[in-house]
Amino acid sequence: MMGRRLEYEVKTSVRLNMSNPQHVKINDVIQNLDPKIFKSKNQFIIEAIQFYIDNYGKETFVIKKKEKERAEYIRSEDIDDIKEEVIEAATNEARKEVIRLLGGVISGMNVGQPVIRQAANSEEEEPTEDVMDDEDVAGLAMGWMSKGD
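Note that the structure is predicted; figures quoted are calculated from it, not measured.

Chemist: Explain the overall build of the chain to me, please; I cannot follow it from the model alone.
Modeler: A tally of regular secondary structure across the chain gives six helices and zero strands. In sequence order, the secondary structure elements of the chain are arranged as α-α-α-α-α-α. Buried positions account for 9% of the 149 residues belonging to the chain. Looking at the chain alone, contacts between residues at least 24 apart form 37% of all its contacts between residues at least 6 apart. As displayed, the chain offers around 14,100 Å² of accessible surface, 55% of which is attributable to carbon and sulfur atoms.

Dropping the structure here:
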């Protein structure tokens, strides 16, 4: 019966090219290991790699993850947060624009022809009843906007 592979085992193969002198040297050592020192080729390779890691540090050989690379991944929760921020910013800008437009329209209505004629005819009377200040305009605009919600 051949040895069976366990679920927790990972298999990695090494390819040696016999036209490369470095590979020939490595193959000669692996094939002629002294069984009194190393009972398996596998353990010899593991200990050789472990020696490299211990003497040079794992960081020398593994890919370094930068903060930038980690930040490139966006979770669905992040997308939801971004959506909310964009909607809120757009809504605030729309409200400001509506207030500006309504303010311009109301100001234009108050300074229209009838008001100018009335002011020219009687300078003593001021059209205070018809004039709305910015606070009133903002209140009307906000009331109008909240009806849309």
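Chemist: Sorry if this is basic, but what is going on with the side chain of His 23 here?
Modeler: Along the chain, the position of His 23 falls in helix α1 (residues 21–31). A polar atom in the side chain of His 23 sits 2.9 Å from the backbone nitrogen of Asn 17. Beyond its immediate sequence surroundings of up to four residues, His 23 is in contact with Arg 15, Leu 16, Asn 17 and Met 18.

Chemist: Explanation requested: the pattern of salt bridges in the structure shown.
Modeler: Inspection of every chain in the model, using the stated rule, returns one salt bridge. Put simply, Lys 96 and Glu 93 hold a salt bridge, and the shortest N to O gap is 3.7 Å. With Lys 96 and Glu 93 both in helix α4 (residues 76–110) and three residues apart, the pair spans about one turn of that helix.

Chemist: Honestly, the confidence of the model for the chain in this entry has me stumped. Any pointers?
Modeler: In regions of low pLDDT, the predicted coordinates are not meant to be interpreted in detail. Overall, the prediction assigns the chain a mean pLDDT of 77, with 70% of residues at 70 or greater. Mean pLDDT values over the elements of the chain span from 53, in helix α5 (residues 113–121), up to 94, in α1.

Chemist: Help me out: how do you make sense of the packing of aromatic side chains in this one?
Modeler: By convention here, two paired aromatic rings are described through the distance between centres and the angle between planes. Scanning the entire structure with this criterion turns up four aromatic pairs. Both rings, one in Phe 38 and one in Phe 44, keep their centres 5.0 Å apart while their planes meet at 85°; by these two values the pair is edge-to-face. Ring centres 5.8 Å apart and planes at 55° place the aromatic pair Tyr 52 and Phe 61 in the tilted group. The partly exposed category is assigned to Tyr 52, whose relative accessible area is 47%. On the accessibility criterion, Phe 61 (42% relative accessible area) is partly exposed. Ring pairs connect the aromatic residues Tyr 52, Tyr 56 and Phe 61, which therefore count as one cluster.

Chemist: What is the right way to read a nonpolar patch on the surface from this model?
Modeler: Residues Ile 49, Phe 51, Tyr 52, Ile 53, Tyr 56, Phe 61 and Val 62 make up a contiguous nonpolar surface patch of about 710 Å² in total accessible area. Here Ile 49 shows up in helix α2 (residues 41–56). For Ile 49, a relative accessible area of 49% corresponds to the partly exposed category.

Chemist: Looking at this model, I keep getting lost on the environment of Ser 19. Mind explaining?
Modeler: Relative to the helices and strands, Ser 19 is located in the segment before α1. For Ser 19, the side chain forms a polar contact with the side chain of Asn 17, separated by 2.7 Å.

Chemist: Would you explain the packing of α1 against α2 in this entry?
Modeler: Think of two packed helices as two axes; the pair is described by the angle between the axes and how far apart they sit. Taken N-terminus to C-terminus, the directions of α1 and α2 make an angle of 125°; their axes are 10 Å apart at the nearest point. It follows from the interaxial angle that α1 and α2 lie oblique. Listed contacts from α2 to Val 29, Ile 30 and Gln 31 of α1 are Lys 41, Phe 44 and Ile 45. Here the contact of α1 with α2 is composed, by residue class, of four nonpolar, one polar and one charged.

Rules of the game
Residues numbered from 1 in each chain as written. Predicted model: local features only at pLDDT ≥ 70, side-chain atom pairs only at ≥ 80, totals over all residues. Heavy atoms only, no water. Helix = DSSP H or I, 4+ residues; strand = E, 2+ residues; numbered from the N terminus. Buried < 20%, exposed > 50% of the residue type's maximum accessible area, 1.4 Å probe, protein only. Contact = heavy atoms within 4.5 Å. Areas by Shrake-Rupley, 256 points an atom, 1.4 Å probe, with all protein chains shown as cover. Polar contact = N/O pair within 3.5 Å; in protein donor to acceptor, adjacent residues only side chain to side chain. Salt bridge = Lys/Arg side-chain N within 4 Å of Asp/Glu carboxyl O. pLDDT = per-residue confidence, 0-100. Phe/Tyr/Trp six-rings, centres within 6.5 Å; stacked < 30°, edge-to-face > 60°. Patch = residues over 30% accessible without salt bridge, like charges linked within 9 Å, V, L, I, M, F, W, Y side chains within 5 Å. Axes fitted to C-alpha atoms, helices over the stretch in contact; angles between N-to-C directions. Parallel < 35°, antiparallel > 145°, perpendicular 65-115°, else oblique. Nonpolar A, V, L, I, M, F, W, Y, C, P; charged D, E, K, R; others polar.

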